[in-house]
Amino acid sequence: MSRRPLPDHPVRLALLDLLAEHGTLTSTQAAARLGESSGLCSFHLRKLAELGLIEEAPHQGGKARPWQLRWESDDEPAADESFSTLVHVTPQEMAEISASIRRLLFRYRDRGTRPPGAVAVTAEVRLLSGDPVR
């Protein structure tokens, strides 16, 4: 099954980015982060829901309506490129690895435009050191 194309409206793209980053947001929270009115954000959040890209998140009722990205179960599963490995490195090498990973990821994060067909990907890197091996 083919994926839906992303909207080309800058506020809608910014809202999708915020939802990918924060998980759930209300229109008021989105407005504060984007510097837009909550009414405008609410309008665009509803339009994204009509497109099937987001949905209301579970909440306790009340006036605030949190939104979240919608993950369809009938779409192809997302690619999982996860891996883990154990390496033995010095503290200096660990710092070098960290810097290299940051440079690599920031190259994609800071490019300024979203290429056609791009999808949001969360990269979580944890470099954990234990006691030195003796």
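Scroll up a little and you will see the structure.
Residues numbered from 1 in each chain as written. Predicted model: local features only at pLDDT ≥ 70, side-chain atom pairs only at ≥ 80, totals over all residues. Heavy atoms only, no water.

Time to look at helix α1 (residues 10-22). Taking 1.5 Å as the rise per residue, α1 with 13 residues should run 18 Å; its terminal C-alpha atoms sit 18 Å apart, in good agreement. Among the residues making up α1, those that are buried are Val11, Arg12, Leu15, Leu16, Leu18 and Leu19. Here the buried residues of α1 occupy an arc of 160° about the axis, which is enough to place them on one side. For α1, exposure combined with an orientation more than 90 degrees from the buried face picks out Pro10 and Glu21. Those residues of α1 hidden inside the fold are in contact with β1 (24-25), α2 (27-34), α3 (38-50), β2 (54-56) and β3 (67-69). Following α1 by one or two positions, Gly23 adopts a phi angle in the positive range, close to 90°. (Helix = DSSP H or I, 4+ residues; strand = E, 2+ residues; numbered from the N terminus. Expected span 1.5 Å × (residues − 1). Buried < 20%, exposed > 50% of the residue type's maximum accessible area, 1.4 Å probe, protein only. Arc of directions from axis to C-beta. Contact = heavy atoms within 4.5 Å.)

Attention shifts here to the nonpolar core. The biggest cluster of nonpolar side chains holds 15 residues, and the ones touching the most others in it are Leu15, Leu16, Leu19, Ala30, Leu45, Leu48 and Ile54. Per-element tally for this core: the top contributor is α1, with five residues. What Leu48 contacts, discounting residues up to four positions off in sequence, is Pro7, Arg12, Leu15, Leu16, Leu53 and Ile54. (Core = buried A, V, L, I, M, F, W, Y, C linked by side-chain atoms within 4.5 Å.)

Taken together, the side chains of Leu105, Phe106, Val125 and Leu127 define a hydrophobic patch exposed on the protein surface, amounting to about 300 Å² of accessible area. Looking at where Val125 falls in the secondary structure, it is placed in the segment after α4 (91-109). (Patch = residues over 30% accessible without salt bridge, like charges linked within 9 Å, V, L, I, M, F, W, Y side chains within 5 Å. Areas by Shrake-Rupley, 256 points an atom, 1.4 Å probe, with all protein chains shown as cover. Salt bridge = Lys/Arg side-chain N within 4 Å of Asp/Glu carboxyl O.)

Close contact between α1 and α3 brings their axes to 10 Å; oriented N to C, the two are set at 80°. The orientation of α1 relative to α3 falls into the category roughly perpendicular. Here Val11, Arg12, Leu15, Leu16 and Leu19 of α1 come into contact with α3, specifically with Leu40, Cys41, Phe43, His44, Leu45, Lys47 and Leu48. (Axes fitted to C-alpha atoms, helices over the stretch in contact; angles between N-to-C directions. Parallel < 35°, antiparallel > 145°, perpendicular 65-115°, else oblique.)

What follows is about the sheet that holds β2. Read across the open sheet, the three strands follow the order β1-β3-β2; overall the sheet is antiparallel. Looking at which strands have only one partner, the edges of the open sheet turn out to be β1 and β2. Across three bridges, the pairing between β2 and β3 is antiparallel. Bridge assignment links Glu55 to a residue of β3, and that residue is Gln68. (Pairing = 2+ DSSP bridges.)

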